[in-house]
Amino acid sequence: MMHVFGTLATLTCLIQFLSVFFVFKKVESTGNTRYRIFQVQFLSTWGYFFSLLYREGVPGTPIVAGVSSMIILACMALFFHCSSLIRKNKLSIVFSEDSPQFHISKGPYSCVRHPFYTSYIFTYVAVAMVMQSWILTAMACSMFVTYYLAARYEESKFLNSNLKDSYRAYMDKTGMFFPKWALNRDASEPYSKVS
């Protein structure tokens, strides 16, 4: 089970890294300071994880490694499902400065406004659980804060765009990273576009 965890974590890191090139829309503003800080955080967190993995192996118990592996598999499934939804209408990369032209409200987006970030956050939680490192846990917490700030930034872009009314209604129905369980959902309009 320990090898399975190491393999899944490595694969997840690779997928997250490659998503910058293949999943999200490339925008000229990715040279901004916030994006550069995010890149350093991402690379240092995963770099520290791999240095621990190489030096110490997987210190957690097989049960914790198994649970973490299942969490990582669920995160990968969420990531790939979201990727399939944005294949034709790609989302901008984190901290981009472009103006939103649409928002998605189908699939995982019908429950959560930022399901990509949810998958990343839970991956970091799973890795920190197994590796039992305070430094890695702190790095995972800092990544959560970064994704929270990115989500708030993206939401402010929506609320200052032509999509503000539909996005505000969407925010009332969905949670940022975790679902708001409401009984009356209307997912009949999977995409809302700028008129």
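Above: the structure in question.
Residues numbered from 1 in each chain as written. Predicted model: local features only at pLDDT ≥ 70, side-chain atom pairs only at ≥ 80, totals over all residues. Heavy atoms only, no water.

Regarding its fold elements, the protein presents 6 helices and 2 strands. The order of α-helices and β-strands along the protein, N terminus first, is α-α-α-β-α-α-α-β. For the protein, the exposed area adds up to about 10300 Å²; of that, 66% sits on carbon and sulfur atoms. (Helix = DSSP H or I, 4+ residues; strand = E, 2+ residues; numbered from the N terminus. Areas by Shrake-Rupley, 256 points an atom, 1.4 Å probe, with all protein chains shown as cover.)

Further remarks concern the pattern of salt bridges. Should their charged atoms come close, side chains of opposite charge can pair. Evaluation of the coordinates by the stated rule reveals 4 salt bridges. The salt bridge involving Glu155 is made with Arg113; its shortest N-O contact spans 2.5 Å. Taken together, the residues Glu155 in helix H5 (residues 134-159) and Arg113 in the loop between strand E1 (102-104) and helix H4 (115-131) connect sequence positions 42 residues apart. (Salt bridge = Lys/Arg side-chain N within 4 Å of Asp/Glu carboxyl O.)

Viewed as axis vectors pointing N to C, helix H2 (residues 33-56) and H4 meet at an angle of 30°, and their least axial separation amounts to 12 Å. Relative to H4, H2 is oriented roughly parallel. The two elements H2 and H4 cross, and the hand of that crossing is left-handed. Counted together, Phe42, Thr45, Trp46, Phe49, Leu52 and Leu53 of H2 and Thr123, Tyr124, Val127 and Met131 of H4 form the full contact between these two elements. Class assignment for the residues of the contact of H2 with H4 results in 8 nonpolar, 2 polar and no charged. (Axes fitted to C-alpha atoms, helices over the stretch in contact; angles between N-to-C directions. Parallel < 35°, antiparallel > 145°, perpendicular 65-115°, else oblique. Left-handed = near helix turned anticlockwise from the far one by under 90°. Contact = heavy atoms within 4.5 Å. Nonpolar A, V, L, I, M, F, W, Y, C, P; charged D, E, K, R; others polar.)

Classification of Glu155 by relative accessible area gives buried; the value is 1%. At 2.9 Å, the side chain of Glu155 forms a polar contact with the side chain of His114. Excluding residues that lie within four positions of it along the chain, Glu155 makes contacts with Arg113, His114, Tyr167, Met171 and Met176. (Buried < 20%, exposed > 50% of the residue type's maximum accessible area, 1.4 Å probe, protein only. Polar contact = N/O pair within 3.5 Å; in protein donor to acceptor, adjacent residues only side chain to side chain.)

For the rest of this paragraph, the subject is the nonpolar core. Core analysis: the largest hydrophobic core is formed by 53 residues, its most contacted members being Phe5, Phe49, Phe116, Tyr117, Val127 and Met131. Within the residue set of this core, elements represented by two or more residues are helix H1 (2-22), H2, helix H3 (62-85), E1, H4, H5 and helix H6 (164-173). Per-element accounting of this core gives the leading share, 10 residues, to H4. Here Phe49 is in contact with Phe5, Ala9, Val127, Met131 and Leu136, once residues within four sequence places are set aside. (Core = buried A, V, L, I, M, F, W, Y, C linked by side-chain atoms within 4.5 Å.)

For the structure on display, the rule yields 21 aromatic pairs. Arranged with centres 5.5 Å apart and planes meeting at 80°, the rings of Phe79 and Phe80 form a pair that is edge-to-face. Classification of Phe80 as partly exposed rests on a relative accessible area of 45%. One cation-aromatic arrangement involves Arg34 over Tyr153; the distance from NZ or CZ to the ring centre is 4.2 Å. (Phe/Tyr/Trp six-rings, centres within 6.5 Å; stacked < 30°, edge-to-face > 60°. Lys NZ or Arg CZ within 6 Å of the ring centre and 35° of its normal.)

The subject of this paragraph is unusual backbone geometry. Unusually for a residue other than glycine, Phe95 sits at a positive phi of about 65°. Within the secondary structure, Phe95 sits in the loop between H3 and E1. A relative accessible area of 6% places Phe95 in the buried class.

Interhelical geometry of H4 versus H5 gives an angle of 170° and a closest axis separation of 9 Å. Here H4 lies roughly antiparallel to H5, going by the angle between them. Of the residues in H5, those in contact with Tyr117, Tyr120, Ile121, Tyr124, Val127, Ala128 and Met131 of H4 are Leu136, Thr137, Ala140, Met143, Phe144, Tyr147, Ala150, Ala151 and Glu154. Classifying every residue of the contact of H4 with H5 gives 14 nonpolar, 1 polar and 1 charged.

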